[in-house]
There are 2 protein chains.
Amino acid sequence: MPSSSVIYLPVVKVREDEHIESSDALAIEEPLEIRLEYGPEDDRKTQNVSVTMRTPGSDAELSVGFLFTEGIISKKEDILSAEHHFIACAENKENVIRVSLKADVAPNLNNTERNFYTTSSCGVCGKASINAIRTVGTFDNRKDQNTVEASLLYQLPDLLAHHQHIFTATGGLHASALFSLSGELLLMREDVGRHNALDKLIGAALAQNMLPLNKHVLLLSGRASFELVQKAAMAGITIIAAVGAPSSLAVQLAEEFNITLIGFLRGQRFNIYTGLSRVIENTYENTH
Amino acid sequence: MPSSSVIYLPVVKVREDEHIESSDALAIEEPLEIRLEYGPEDDRKTQNVSVTMRTPGSDAELSVGFLFTEGIISKKEDILSAEHHFIACAENKENVIRVSLKADVAPNLNNTERNFYTTSSCGVCGKASINAIRTVGTFDNRKDQNTVEASLLYQLPDLLAHHQHIFTATGGLHASALFSLSGELLLMREDVGRHNALDKLIGAALAQNMLPLNKHVLLLSGRASFELVQKAAMAGITIIAAVGAPSSLAVQLAEEFNITLIGFLRGQRFNIYTGLSRVIENTYENTH
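Definitions and limits used
Residue indices begin from 1 for each chain and proceed along its sequence in written order. Note on labels: chains are lettered from A, ligands numbered from 1, in written order. It should be noted that, the model being predicted, local features are given only for residues of pLDDT at least 70 and side-chain atom pairs only at 80 or more, the latter also being counted only at that level, while totals for whole chains, interfaces and linings use all residues. Note: side-chain values were computed over all heavy atoms of the structure, leaving out hydrogens and water. Here the rule is simple: two strands pair whenever DSSP picks up at least two bridges between them. Secondary structure follows DSSP: runs of H or I at least 4 residues long count as helices, runs of E at least 2 residues long count as strands, and numbering of each begins at the N terminus. Note on ring pairs: Phe, Tyr and Trp rings are taken, using the six-membered ring of Trp, and paired if centres are within 6.5 Å. Classes follow the plane angle, with under 30 degrees stacked, over 60 edge-to-face and the rest tilted. Think of it in three bands: with a 1.4 Å probe and only protein chains considered, a residue is buried below 20% of the maximum accessible area for its type, exposed above 50%, and partly exposed in between. Here a polar contact is recorded for every N or O atom pair within 3.5 Å, except that within protein the pair must consist of a potential hydrogen donor and a potential acceptor, and residues adjacent in sequence are included only if both atoms are side-chain atoms. Pairs of residues are marked as contacts when any of their non-hydrogen atoms sit within 4.5 Å. Among buried residues, the Ala, Val, Leu, Ile, Met, Phe, Trp, Tyr and Cys ones that are joined through side-chain atoms within 4.5 Å form a nonpolar core. As used throughout, domain bounds are those supplied by an automatic or database domain assignment. Axis lines are fitted through C-alpha atoms, for helices just across the contact stretch, and the angle between N-to-C directions can take any value from 0 to 180 degrees. Roughly parallel refers to an angle under 35 degrees, roughly antiparallel to one over 145, roughly perpendicular to one between 65 and 115, and oblique to any angle outside these ranges. Only Asp, Glu, Lys and Arg are considered charged, only Ala, Val, Leu, Ile, Met, Phe, Trp, Tyr, Cys and Pro nonpolar, and every remaining residue, Gly among them, polar.

Enquirer: How would you sum up the pairing of strand 4 (residues 45–54) of chain A? Please name residues and give values.
Expert: Residues and elements named next belong to chain A. Sheet topology note: the strand 3 (residues 30–38)/strand 4 ladder contains nine bridges and is antiparallel. Counted as the bridge partner of Leu-36 is Gln-47 from strand 4. If you look at the hairpin formed by strand 3 and strand 4, you'll find six residues sitting between the two strands, and Gly-39 has a positive phi there, around 105 degrees.

Enquirer: Help me get a handle on unusual backbone geometry, residues and values and all.
Expert: Residues and elements named next belong to chain A. Residue Pro-212 follows Leu-211 across a cis peptide bond; omega there is -5 degrees. By the secondary structure assignment, Pro-212 is in the loop between helix 5 (194–207) and strand 10 (216–220). The backbone phi angle of Ser-58 is positive, close to 60 degrees, even though this residue is not glycine. Considering the arrangement of structural elements, one finds Ser-58 in the loop between strand 4 and helix 1 (59–69).

Enquirer: Outline the packing of aromatic side chains, listing residues and values.
Expert: All names here are of chain A. Scanning the model with the defined rule gives two aromatic pairs over all chains in all. Aromatic side chains Tyr-154 and Phe-270 sit 5.7 Å apart centroid to centroid with 50 degrees between the ring planes, which places their arrangement in the tilted category. You can see Tyr-154 sitting in helix 3 (residues 150–163) and its partner Phe-270 sitting in strand 13 (residues 269–274), a full 116 residues away along the chain. Both residues of the pair, Tyr-154 and Phe-270, count as buried.

Enquirer: Tell me about the side chain of A:Gln164, and name the residues and values.
Expert: Residue and element names in this part refer to chain A. Looking at the secondary structure, you find Gln-164 in the loop between helix 3 and helix 4 (165–170). Since its relative accessible area comes to 7%, Gln-164 is described here as buried. Among the polar contacts listed, one links the side chain of Gln-164 to the side chain of Glu-190, at a separation of 3.3 Å. Here Gln-164 is in contact with Leu-173, His-174, Ala-175, Met-188 and Glu-190, once residues within four sequence places are set aside.

Enquirer: Summarise the nonpolar core; cite the residues concerned and give the values.
Expert: In terms of nonpolar packing, the biggest core is built from 56 residues, with A:Leu36, A:Leu67, A:Leu101, A:Leu213, A:Leu218 and A:Ile240 touching the most fellow members. The leading source of residues in this core is helix 5 of chain A, at six residues. When residues of this core are assigned to domains, at least three fall in each of domain 1 (30–136) and domain 2 (148–280) of chain A. Contacts of A:Leu218, omitting those with residues within four sequence positions, involve A:Ser176, A:Ala177, A:Leu178, A:Leu198, A:Leu201, A:Ala232, A:Ile237, A:Ile239, A:Ile240 and A:Ala241. Formed by 55 residues, the second largest nonpolar core is a distinct cluster that contains A:Met53, B:Leu36, B:Leu67 and B:Leu261.

Enquirer: Outline helix 7 (residues 248–256) of chain B, listing residues and values.
Expert: Every buried residue of helix 7 of chain B is listed here: B:Ser248, B:Leu249, B:Ala250, B:Val251, B:Leu253 and B:Ala254. Following helix 7 of chain B by one or two positions, B:Asn258 adopts a phi angle in the positive range, close to 55 degrees.

Enquirer: How would you summarise the packing of helix 6 (residues 226–234) of chain B against helix 7 of chain B if you had to cite specific residues and measurements?
Expert: Residues and elements named next belong to chain B. Two numbers describe how helix 6 lies on helix 7: the axes approach to 8 Å, and their chain directions differ by 20 degrees. By the angle between their directions, the pair helix 6 and helix 7 is classed as roughly parallel. Contacts between helix 6 and helix 7 involve Phe-226, Val-229 and Gln-230 on the former and, on the latter, Leu-249, Ala-250, Leu-253 and Ala-254. Residues of the contact of helix 6 with helix 7, tallied by class, amount to six nonpolar, one polar and no charged.

Enquirer: Would you mind going over the pairing of strand 6 (residues 96–101) of chain A in detail, with residue names and values included?
Expert: Residues and elements named next belong to chain A. Most of strand 6 is tucked away, with five of its six residues classed as buried. In terms of strand pairing, strand 3 meets strand 6 through five bridges, oriented parallel. The residue of strand 6 that forms the bridge with Glu-37 is Ser-100. Relative to strand 6, strand 5 (residues 79–84) runs antiparallel, the two being bridged by five bridges.

Written out as structure tokens, the structure is:
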């Protein structure tokens, strides 16, 4: 695990009547400002598009993933560079990152208001939000019919836990993990913010030319919110499995985008909220 | 629990090799746009200050709590009204709320960028963020020395669980609860967003003239992030106990504001990260 993700701080551990002076590993939370630089060479513009509270590490992936899942850029090739921008400040030197776009790329900055809603004339009903995403979304899941076996899904949380080092140390991080349909762990990212963990993962997948992620399972260590399903939809993800509960709007959005949404994946059980046909019985057990 | 907080949707429950068609209670997640109306009577202005994904219910408390914890307003008396604003849209009629300020109140809109950071010239180091909060914070905890007994803290998660109806139904909500120093549950609010649950609670406390909340314990059902400690600091809260882990910056902020921050409060144990002197041994056991 990157040493910049964890800090050891003094703590008093109270156990019934005992007070033990000790130290505790905590997940680092620091602000990251994402600055976008774009426009023709003789007229470059800089705009602050987001400040997010994140766990340091994978900052370039996080910023590129964020720009992509928010619809501000549409492909990896839009990007010239993504580098920390040092400011005159004694501490926390890595809290600004500057993403430079190629001179001929026009970023879609209509969407920089949080989560698209304000771009619509009727900006705050679920329907309008979903339509706004459909407008910028670049992949079409509707005909995708890859399947995953139930018995494979059961194994994913343990596979994730085995790799989630920082959470194990701190108990304080969310994780997003990408598995192949045969259960191989391809990518895993952690962060204090669940949306950041997913942006880091999608940024990494984008850098490796893996999109659309329609032959994969996205595993979320916690709950599935609208925002997470929205980001997954932008990356062409067709199967999402969450250890926690989904929200109502997460289910509605998954339904609209023909995404298989699974919740409460724990032990030998889970719930399927949408996209039932992608989950099949255990082939092994069927043939023996 | 308000019926608008939960929706029942069809689900297929997979249990080993069984598929059971059933229905499942999900926490409702919907966007809420907070519009601020302010200025002299002959020149009223309207500004959208936030769109947040929230669980419907307590929308007035949420919006007023948000305006207060973000430093946009400084007291309950600034507010004329907080009412849903119906827009010409067939569904989700309650997703815009308009908060009207008195004509002579000037809102502090420098802070409407998410979380203060961008207002500082060196906007993205923790130190600057903490200083920005200090500037707008209205209560001084530094001399506060109320105490709480360890044995009382042990009981709080069970008291919360007993009252957290929507979470019990859906498994999908965060809660914030306010207890007296003798362990009485005074206020409890739930939401899909942990920051919303706390804004609802602080909005309710503000409406009841309870601030500063320095003779209380704030219990958080999950992790303690920077944003939650920041909101608690704005309400003068001196003791925060979280069931989950704190982040590094949450501890740093709690230290700066002389807030007692407790994490991993589970069973007969917890960790004290800051403000040790406010936690005392069990008086009962000491005297028998």
